[in-house]
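Now for the letters of each chain:
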Amino acid sequence: MATAVLGLQWGDEGKGKITHLLAREAGMVVRFNGGPNAGHTVIDRGVKFGTHLVPAGVFYPNTVNVLAGGTVIDMEVLHEEVEAISEHVGRRPELLIAENAHLILPYHRLLEELEGSGAHFGTTRRGIAPTYRDKAAKVGIRAGDLRRPDVLATRIERRLDQLKRQWPASEEVGRLDAGTLAEELVTLADPFIGSIGDATGAIAEALREKRNVLFEGAQGTLLDVDHGTYPYVTSSSTTYAGLGNSIGIPEPAITQRLGVVKAYQTRVGAGPFPTELEDETGVGFRERGGEYGVTTGRPRRCGWLDLVALRYAVELNGVTDIALTKIDVLTGLDEIKICRAFEVEGEALDRYPLSGDVLEKCEPIYEAMSGWSESFDGVESLRDLPDAAAAYVAAIEEGVGVPVEIVSVGPEPEATIYRGL
Ligand code: IMP
C-alpha cells in the first residue's frame, strides 16, 4: 500500500511526526519536493531531531530513503544530517538520490542575499528559489553531474561566467572560482556518489511489487508555486499533482492521500493570512505550541483554523483522510473560532481566492464553538475525546468532507489518538 503525506496549510503542520510514525511500516520513503527549507521535528526513541532533507525512513532499518527528482539538495546539509542520524541509529541509512535532482551551490545562497528576497518574502535563505530558477533556466547542476567531474566543472564555470557578468560590483561573486567549487562539491558528495541513481525506476518497481511506500511532502499546499498564495510561496510543487512529476510516474498507485492539518493556522514569512491573531490568543498558540521555525528559529504567525483554505487544499490534493495535529494546544480556551467563509467588500466568498491581493482583503466569517479543559491523557480512540473536542473534529470533517483518522496531542509518537474500532 502506498501513502502520500501532504501538508494542507502553510507548512509546519506536523508532517514530521506523522511521517516518522508511518515510516515504521514502510519499505521505502520518498521525499518529493523542496530542500533544506523544510524542518521536520521528529522524536525518535526520546531524542529530538530537526530534519531538513532526509526522509523519515532513516530512523528505521531496511528502509530505502529516496530524494526524488523534484527535490533540491544541499550536500553540506545532507552530510551533517546523515552523520548525526548514523550516530543515533548506529548504522548509515540507505539513501537513493535521483540523478535528476538539482544541487544547491554556495552561490545560490549568496544570490538570495544579493537579491534581498530573504528580507522581502521572508524566505528560509537556503538558496531554494535561485536553485529552482537555475533548473528552469537550464543552467542548474544535477546530482548525476557529480559522477562526471569534468562535466560538473564546465557547467559550474559557465554559470559563474554569467553571474560575474550579472553582478560585476559584487566582490563575493568575483571571488567565486569554478575549480574550487567543483572540487569542494565532489569531496563533500563523495560518500553519496554510490547512492545517486535511477529513482524513478526504483520507485516504480517498489510500487509494482506492492511494497509499502510512503511519500513525504514538505512545506504545505498554500506554499505551492502554482496553487499557493503567490508570490508568498516556495518554489516547488508541494501538492499531489507535483508528486507524480517529481518521481516521473504519471499515475502512481497511491491509495491513501493523508492530509496533515494543524488544529489552528500558522505561517512563517510574509504574505496574507486572513485568520491571523495579533492578540494574546495568538501569542498563547505560539508559546503553548512552540511555534518557532525549525529551520530559521523565526516566531510563527498564529491564527484560527481556516476552513475555506482547508477545503481548497483537500480538493487540490484529492485528500482521502486527515491527520489533525496539536489539538492539545487549544485545551483551556473558553471559546474556539473556526473560519467558515470570507467576506470581501460586503460580498460573501466561500471559494479560496487565487490572488494574494484578494486574499489580503478577505475578512473571516467565524463560527464560535465551545472550548474544553479536559486533558487528552490516556485517550486512545477518537470515540473517547472530550465532547467539545469531538465537536471540533466533527466540524472540520463536515466542513471539508473527509474523515479525520488520526489526532496528535503531543510531539511524542505515543501522544497519538487513532479513530479506533
Ligand atoms: P523558501 O522556500 O525558502 O523560498 O521560502 C518561501 C516561503 O516559504 C517563506 O515564507 C518561508 O517561510 C516558507 N517556507 C519554506 N519552507 C517552509 C517550511 O518547511 N515550513 C514553513 N514555511 C516554509
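Before reading on, note that the structure itself is shown above.
The residue numbers shown here count from 1 along each chain, following its written sequence. Whole-chain, interface and lining totals are the exception, using all residues; otherwise, since this is a predicted model, local features are given only for residues with pLDDT of at least 70 and side-chain atom pairs are given and counted only at 80 or more. The side-chain figures draw on all heavy atoms in the structure; neither hydrogens nor water molecules are used.

*Asks:* Lay out the overall build of the protein chain in plain terms, naming residues and giving numbers.
*Replies:* Going along the chain from the N terminus, every DSSP run of H or I of four or more residues is numbered as a helix, and every run of E of two or more is numbered as a strand. For the protein chain, the helix and strand inventory stands at 14 helices and 20 strands. A globule of 421 residues ought to have a C-alpha radius of gyration of about 22 Å, and the protein chain, at 22 Å, matches this closely. Viewed in the frame of its principal axes, the protein chain has a C-alpha envelope of about 65 × 50 × 35 Å. Here the protein chain, with 421 residues, has 57% of them falling under the buried criterion. When contacts within the protein chain are restricted to residue pairs at least 6 apart in sequence, those whose partners lie at least 24 apart make up 75%. This radius of gyration counts C-alpha atoms alone. The globule rule is 2.2 Å times how many residues there are, raised to the power 0.38. When accessible area is computed with a 1.4 Å probe and restricted to protein chains, residues below 20% of their type maximum are described as buried, those above 50% as exposed, and intermediate ones as partly exposed. What makes two residues a contact is simply this: any of their non-hydrogen atoms within 4.5 Å.

*Asks:* Help me get a handle on the site of the ligand, residues and values and all.
*Replies:* For each residue, the test is whether any non-hydrogen atom lies within 4 Å of the molecule or strand; if one does, the residue is near. Within the structure, the ligand sits among 17 residues, and Asp12, Asn37, Thr124, Thr234 and Arg298 are positioned closest to it. Within the side chain of glutamine 219, one N or O atom sits 3.2 Å away from a nitrogen atom of the ligand. Taking valine 268, its main chain carries an N or O atom lying 3.1 Å from an oxygen atom of the ligand. Shrake-Rupley sampling with a 1.4 Å probe provides the accessible areas, and residues are treated as covered by the protein chains on show and by no other component. Here the ligand loses 96% of its free accessible area of 470 Å² to cover by the protein chains. Classification used: nonpolar for Ala, Val, Leu, Ile, Met, Phe, Trp, Tyr, Cys and Pro, charged for Asp, Glu, Lys and Arg, polar for all others including Gly. Its residues assigned to classes, the shell around the ligand shows seven nonpolar, eight polar and two charged. Any pair of nitrogen or oxygen atoms within 3.5 Å is treated as a polar contact; in protein, a donor-acceptor pairing is required on top of that, and neighbouring residues in sequence qualify only through side-chain atoms on both sides.

*Asks:* Any details on the packing of aromatic side chains? Residues and values, ideally.
*Replies:* Under the pairing criterion, centres of Phe, Tyr and Trp rings, with the six-membered ring standing for Trp, must be within 6.5 Å; the plane angle then separates stacked pairs below 30 degrees from edge-to-face pairs above 60, leaving the rest tilted. Within the structure shown, the criterion is met by nine aromatic pairs. Ring plane angle 35° and centroid distance 4.7 Å describe the contact between tyrosine 264 and phenylalanine 285, whose orientation is recorded as tilted. Taken together, the residues tyrosine 264 in the loop between β11 (256–262) and β12 (265–267) and phenylalanine 285 in helix α11 (residues 280–289) connect sequence positions 21 residues apart. When its relative accessible area of 0% is taken as the criterion, phenylalanine 285 is described as buried. The interplanar angle of 45° and the centroid separation of 6.2 Å between the aromatic rings of phenylalanine 342 and tyrosine 352 together place this pair among those described as tilted. One end of the pair, phenylalanine 342, is in strand β16 (residues 335–344); the other, tyrosine 352, is in the loop between β17 (347–349) and α13 (356–361), with 10 residues separating them in the sequence. Look at phenylalanine 342 and you get buried, because its relative accessible area is 0%. On the basis of relative accessibility, which here comes to 7%, the residue tyrosine 352 falls in the buried class. Through pairs of rings, three or more aromatic residues link up here, namely Tyr264, Phe285 and Trp304. In this structure, arginine 257 is placed above the aromatic ring of tyrosine 240, and the distance from its NZ or CZ to the ring centre is 3.6 Å. To sit over a ring, a charge needs its Lys NZ or Arg CZ within 6 Å of the ring centre and within 35 degrees of the ring normal.

*Asks:* An account of the layout of surface pockets is needed here, citing residue identities and associated values.
*Replies:* Both cavities and pockets are sets of points on a 1 Å grid over the protein atoms alone; in a cavity a 1.4 Å probe fits but cannot get out, in a pocket the set is open with protein on both sides within 12 Å along at least five of seven lines, and lining residues sit with an atom within 4 Å of a point. Grid points are joined across faces, edges and corners, and a volume is the space filled by probe spheres set on the points. Roughly 220 Å³ of volume is contained in the second largest pocket. What lines the second largest pocket is a set of 14 residues, among which Gly70, Lys135, Ser237, Asn245 and Ser246 lie closest to the centre. Secondary structure elements with two or more residues in the lining of the second largest pocket: α5 (128–136) and α10 (240–247). In terms of residue count, α10 provides more of the lining of the second largest pocket than any other element does, three residues in total.

*Asks:* Hey, could you go over the packing of helix α3 (residues 106–115) against α5 for me, with residue numbers and the actual values?
*Replies:* Here, axes are lines fitted to C-alpha atoms. For helices the fit covers the stretch in contact, and angles between N-to-C directions go from 0 to 180 degrees. Closest axis-to-axis distance for the α3/α5 pair is 7 Å, and the angle between their directions is 110°. Viewed along their axes, α3 and α5 adopt a mutual orientation that is roughly perpendicular. Note that α3 runs across α5; the crossing there is right-handed. Across the interface between the two elements, Tyr107, His108, Leu111, Glu112 and Glu115 of α3 pack against Ile128, Pro130, Thr131, Arg133 and Asp134 of α5. Residue classes in the contact of α3 with α5 are distributed as four nonpolar, two polar and four charged. If an angle is under 35 degrees, it is roughly parallel; if it is over 145, roughly antiparallel; if it lies from 65 to 115, roughly perpendicular; otherwise it is oblique. The hand of a helix crossing depends on one turn: near helix anticlockwise from the far one by less than a right angle means left-handed, and clockwise means right-handed.

*Asks:* Which residues make up the sheet that holds strand β2 (residues 28–31), and what values go with them?
*Replies:* Taken together, the 10 strands give an open sheet; going across it, the order is β9-β7-β5-β2-β10-β1-β11-β15-β19-β20, and neighbouring strands pair in mixed fashion. Edge positions in the sheet fall to β9 (196–197) and β20 (416–418), since each of these pairs with one other strand and no more. Here a strand pair is declared whenever DSSP counts at least two bridges between the two strands. Taken together, the two bridges between strand β7 (residues 94–98) and β9 define a ladder with parallel strand orientation. Looking at the pairing, isoleucine 97 lines up with isoleucine 196 of β9.

*Asks:* Can you tell me about helix α14 (residues 387–400), naming the residues and giving the values?
*Replies:* Every helix has an expected span of 1.5 Å times one less than the residues it contains. In this model α14 runs 20 Å from its N-terminal to its C-terminal C-alpha over 14 residues, within 8% of the 20 Å that 1.5 Å per residue would give. Buried residues of α14: Ala388, Ala389, Tyr392, Val393, Ala395, Ile396, Gly399 and Val400, and no others. Down the axis of α14, the sector holding all buried residues measures 155°, keeping them to one side. Counted as exposed and oriented over 90 degrees from the buried face of α14: Asp387 and Glu398. Buried residues along α14 sit against β14 (305–306), α12 (307–317), β15 (321–325), β16, β18 (363–370) and β19 (404–408). Within two residues after α14, glycine 401 carries a phi angle of roughly 80°, on the positive side. Working definition: the arc comes from the directions between the helix axis and the C-beta atoms, pointing outward to the latter.

*Asks:* How would you explain the nonpolar core if you had to name every residue and give the values?
*Replies:* Residues Met75, Leu78, Ile156 and Phe215 are the most contacted members of the largest nonpolar core, which totals 72 residues. In terms of residue count, helix α2 (residues 75–89) provides more of this core than any other element does, six residues in total. Not counting the four nearest positions on each side in its chain, isoleucine 156 is found in contact with Leu105, Tyr107, Ile141, Ala178, Leu181 and Ala182. Core analysis: the second largest hydrophobic core is formed by 41 residues, Val379, Leu382, Val400 and Ile417 among them. Remark: nonpolar core denotes a set of buried residues (Ala, Val, Leu, Ile, Met, Phe, Trp, Tyr, Cys) joined through side-chain atoms within 4.5 Å.

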